[in-house]
Amino acid sequence: MYDYDLLVVGSANADLVIGVERRPGAGETVLGSDLAVHPGGKGANQAVAAARLGARTALLARVGDDAHGRLLLDSQRAAGVDTVGVLVGGAPTGVALITVDPSGDNSIVVSPGANGRLAPDDIRAAASLFQASRVVSAQLEIPLETVVEVVRSLADGSRFVLNPSPPQPLPTEVLAACDPLIVNEHEAKVILGDSAVGETPEDWARILLAKGPRSVVVTLGAQGALVASADGVTRVPSVRVDAVDTTGAGDAFTAALAFRLGAGSSPVDAAAYAARVGAAAVTKEGAQESFPTAAEVEAACGAPPRDTPRPPGRGWDGAPREGRRGGSE
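Definitions and limits used
Residues numbered from 1 in each chain as written. Predicted model: local features only at pLDDT ≥ 70, side-chain atom pairs only at ≥ 80, totals over all residues. Heavy atoms only, no water. Core = buried A, V, L, I, M, F, W, Y, C linked by side-chain atoms within 4.5 Å. Buried < 20%, exposed > 50% of the residue type's maximum accessible area, 1.4 Å probe, protein only. Helix = DSSP H or I, 4+ residues; strand = E, 2+ residues; numbered from the N terminus. Contact = heavy atoms within 4.5 Å. Pairing = 2+ DSSP bridges. Axes fitted to C-alpha atoms, helices over the stretch in contact; angles between N-to-C directions. Right-handed = clockwise from strand over helix to strand, strands pointing away. Patch = residues over 30% accessible without salt bridge, like charges linked within 9 Å, V, L, I, M, F, W, Y side chains within 5 Å. Areas by Shrake-Rupley, 256 points an atom, 1.4 Å probe, with all protein chains shown as cover. Salt bridge = Lys/Arg side-chain N within 4 Å of Asp/Glu carboxyl O.

Enquirer: Just checking my understanding: could you explain the nonpolar core for this structure?
Expert: If you look at soluble globular proteins, the nonpolar side chains tend to sit buried side by side. Judged by nonpolar contacts, the single largest core of 45 residues is most densely connected at L53, L59, F253, L257, Y273 and V277. Within the residue set of this core, elements represented by two or more residues are β1 (4-9), α1 (42-52), β4 (57-63), α2 (67-79), β12 (225-229), α9 (249-262), α10 (267-281) and α11 (294-301). With near-sequence residues (within four places) excluded, L257 lies in contact with P180, I182, V217, P267, A270, A271 and A274. Counting 40 residues, the second largest nonpolar core, distinct from the first, contains L118, I123, L140 and L175.

Quick look at the structure:
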């Protein structure tokens, strides 16, 4: 029996967000909205997103001993994330500078801060967290050598999910552990490098799969996603919504996918559910503030896949089925 459905190892940032009519070009200054400060970072985002969906979640990260660090710890605890693995000190909390245009698209610059001090020794010291976790998720806003140590620390029978963002070439040892490797178009092309032949996402997925991951998921925005494994390549349709802000949508997708895979869903059904979670997230502003509960996903985007386990006698919001409207069986 695992104590955690998901252990997220990764970054925790304060997101400094400004709305703009259009994102500036090189050497250009544009005026924007008032500055808003939100808890963020790909690791912290994924932990909150999973916890909102009902996953027993822990975060292994590092923040500064400052106001931004306290903001991040408070947001994790409010979402129900176990912060026993969050280390404090060593550098200021990481910061992400984000501009969001009227279409909801964003541009992000990250100052890693304390995230860059999350070291392999910190991973080794957290061995008990790895032994207690069914699925472990990571990203690349922490040092690559730390991600390598994460792979080496996995418990027997656990699953490793990696979103290589920001992208860089990956060691064979890391690629071989991924189940799945989750990439968008840009990340796929960076990791493929000179191997980036072919014009379709199916081509990229097959070549990525040949590099060693046990499975690959390519996210395609409004075109949905696709899942590649030894069983073949399958397209997963998108969910049509009116996008307000895409910040954090990829993190919501990754968290939902990791959670549902650990709960026993097939990769295709887990990706289909993750697409609904990501779609629900873009209908609200912000990152963590936009992440839906399982009940909100079902209300906005439809019921989860048929093969997805539920607690006996309960719906996805944890409420008894009796008297609930619109619940699926």
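Enquirer: Quick question: what am I supposed to make of the sheet that holds β4 here?
Expert: Strands in a sheet are paired, the pairing made by backbone hydrogen bonds, and the direction either parallel or antiparallel. Pairing in this open sheet of nine strands is mixed, and the strands run β5-β4-β1-β8-β9-β10-β11-β12-β13 from one edge to the other. Strand pairing shows two members of the sheet lacking a second neighbour, β5 (82-88) and β13 (232-236), which therefore form its edges. Between one strand and the next, the sheet's axes are offset by a mean angle of 15°, whatever the strand orientation. Of the pairings in the sheet, the one linking strand β9 (residues 159-163) to strand β10 (residues 178-183) comprises two bridges and is parallel in character.

Enquirer: Got a minute to help me understand the pairing of β10 in this structure?
Expert: Looking along a regular strand, one sees side chains alternate from face to face of the sheet. The buried fraction of β10 is high, at six of six residues. Crossover β9 to β10 through helix α6 (residues 172-177) is right-handed. Bridge analysis of β10 against strand β11 (residues 216-219) gives three bridges, and the strand direction is parallel. By the bridge assignment, V183 is partnered in β11 with V218.

Enquirer: Before we go on, may I ask you to explain a nonpolar patch on the surface in this structure?
Expert: A contiguous nonpolar surface patch, about 240 Å² in accessible area, is contributed by I18, L35 and V37. Position of V37 among the secondary structure elements: in strand β3 (residues 36-40). The exposure class assigned to V37 is partly exposed, which follows from its relative accessible area of 39%.

Enquirer: Help me understand the pattern of salt bridges, please; the structure alone is not making it clear to me.
Expert: A side chain of one charge can pair with a side chain of the opposite charge when the charged atoms of the two come close. Under the defined criterion, the tally for this structure stands at twelve salt bridges. One salt bridge connects D122 with R62, and the closest N-O pair in it is separated by 3.3 Å. Pair noted here: D122 is in helix α3 (residues 120-125) and R62 is in strand β4, with a separation of 60 residues, a long-range link. Comparing D122 with R62, the two get one shared label, buried. For R124, the salt bridge is made with E149, and the minimal N-O distance between the two is 3.0 Å.

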